[in-house]
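# Summary of the model geometry
Letter by letter, the chains look like this.
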Amino acid sequence: MSRDAASAPPGTGPMRPLSAGGQGSRVNACLDNYCLDGYYPKTMTLPHRKARAARRFDSLEQEAYLNLWRTYDRLRMLEDQLFARWDLTAQQYNALRLLRAQHPNTLRTLDLAARLVSRAPDITRLVDKLQERGLVERDRPAHNRRIVRIGITRAGLTLLRELQAPIRDCHVRQLGHLSARRLEALVELLRTARAPHETAESDWR
């Protein structure tokens, strides 16, 4: 075994040459999370831990993005557990809330798709599922049968009322450990981060 391999912390692997520059550098094998434990042996000093943590990412932008991704995954897990009790998805719940905001009016299918928090690859199937459960209804205006308008039903409104308290409790579990000031700062920072990528028509600008 080489001197470099013998002295390497667990999980980091042997030294390999860079394609440019000719000096040895550990492969960025821990870009996501599968060998994080090897990066933080107890014997390492704080500066060494920080230096090794920095090698997990190609850039500060990547580190920020992967932290957003990881945070979303952890928070979504709690939400998914809740919606599973009502046989719903987060997108279906989002659609019902949007339709409730328009009630007693309706929304065109494409307008509903555009207002969802996350893009729905198949809005027709999403609406189909809700209609099968009697939570929404479709209407084709007589003057233009190509247009489909969606409205929430009484059953859909009832379901949203049942979900109100559990959803509020879920959000507390997700982010209740942060103070109001930190939450406000987080909201503003996230808005700034996504602003260049929102369309001019977006309600999230």
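Here, every reference points to the structure presented above.
Quick look at the structure, then. For every chain, the first residue of the written sequence is number 1, and numbering continues from 1 along that sequence. Owing to the predicted nature of the model, reporting of local features is limited to residues with pLDDT of at least 70; listing and counting of side-chain atom pairs is limited to 80 or more, with chain, interface and lining totals taken over all residues. Note: side-chain values were computed over all heavy atoms of the structure, leaving out hydrogens and water.

Along the chain, the regular secondary structure elements total eight helices and five strands. Only DSSP runs of H or I covering at least 4 residues are called helices, and only runs of E covering at least 2 are called strands; the numbering of each starts at the N terminus. Overall, the chain shows an N-to-C arrangement of helices and strands of α-β-β-α-α-α-β-α-α-β-β-α-α. The contact definition used throughout considers only heavy atoms, calling two residues in contact when any of these lie within 4.5 Å. A separation threshold of at least 6 residues defines the contact pool for the chain, and within that pool the share at least 24 residues apart is 48%. For the chain, the exposed surface amounts to about 14800 Å²; the carbon and sulfur share of it is 53%. The Shrake-Rupley method, run with a 1.4 Å probe sphere, supplies the accessible areas, and residue values consider only the shown protein chains as cover.

Between helix H4 (residues 90-102) and helix H7 (residues 154-175), whose axes approach to 11 Å, the crossing angle comes to 115°. H4 and H7 meet at a crossing whose hand is left-handed. Seen from H4, the contacting residues are Tyr-93, Leu-96, Arg-97 and Arg-100; seen from H7, they are Leu-157, Leu-159, Leu-160, Leu-163 and Ile-167. Angles shown run from 0 to 180 degrees and are taken between the N-to-C directions of axes, each axis being a line fitted to C-alpha atoms and, for helices, limited to the stretch in contact. Each helix crossing is assigned a hand: it is left-handed if the near helix lies turned anticlockwise from the far helix by less than a right angle, otherwise right-handed if that turn is clockwise.

Before going further, it helps to examine the pattern of salt bridges. Where side chains of opposite charge bring their charged atoms close, a pairing between them can arise. Any Lys or Arg side-chain nitrogen located within 4 Å of an Asp or Glu carboxyl oxygen qualifies as a salt bridge. Summed over all chains, the structure comprises seven salt bridges. Between Asp-128 and Arg-138 there is a salt bridge, with the nearest N and O atoms lying 2.7 Å from each other. Of this pair, Asp-128 sits in helix H6 (residues 123-132) while Arg-138 is found in strand S4 (residues 136-139), placing the two residues ten residues apart along the sequence. Throughout this description, buried means an accessible area under 20% of the type-specific maximum (1.4 Å probe, protein chains only), exposed means over 50%, and partly exposed covers the range between. Note on Arg-138: relative accessible area 29%, which makes it partly exposed.

Let us now look at H4. Its 13 residues give H4 an end-to-end C-alpha distance of 19 Å, which sits within 8% of 18 Å, the value for a rise of 1.5 Å per residue. Among the residues of H4, those classed as buried are Gln-92, Tyr-93, Asn-94, Ala-95, Leu-96 and Leu-99. Given the number of residues in a helix, its expected span is that number minus one, multiplied by 1.5 Å.

Another aspect to go through is the sheet that holds S4. Only strands that DSSP links by at least two bridges are regarded as paired with each other. Taken together, the three strands give an open sheet; going across it, the order is S3-S5-S4, and neighbouring strands pair in antiparallel fashion. Only two strands of the sheet have a single neighbouring strand rather than two, namely strand S3 (107-108) and S4. Contacts between H4 and the sheet are confined to S3, S4 and strand S5 (149-152), with S5 contributing the most and set at about 90° to the helix. Along the sheet face, H6 touches S4 and S5 and points at about 120° away from the line of S4.

What is meant by a nonpolar core is a set of buried Ala, Val, Leu, Ile, Met, Phe, Trp, Tyr and Cys residues, joined one to another through side-chain atoms within 4.5 Å. By size, the foremost hydrophobic cluster in this structure holds 28 residues, and its most contacted members are Leu-96 and Leu-130. Per-element tally for this core: the top contributor is H7, with six residues. Not counting the four nearest positions on each side in its chain, Leu-96 is found in contact with Leu-130, Leu-135, Val-136, Ile-152, Leu-159 and Leu-160.

This part covers the pairing of S5. The sheet contact formed by S3 and S5 spans two bridges and is antiparallel. Its bridge partner being in S5, Arg-108 is matched across the sheet by Arg-149.

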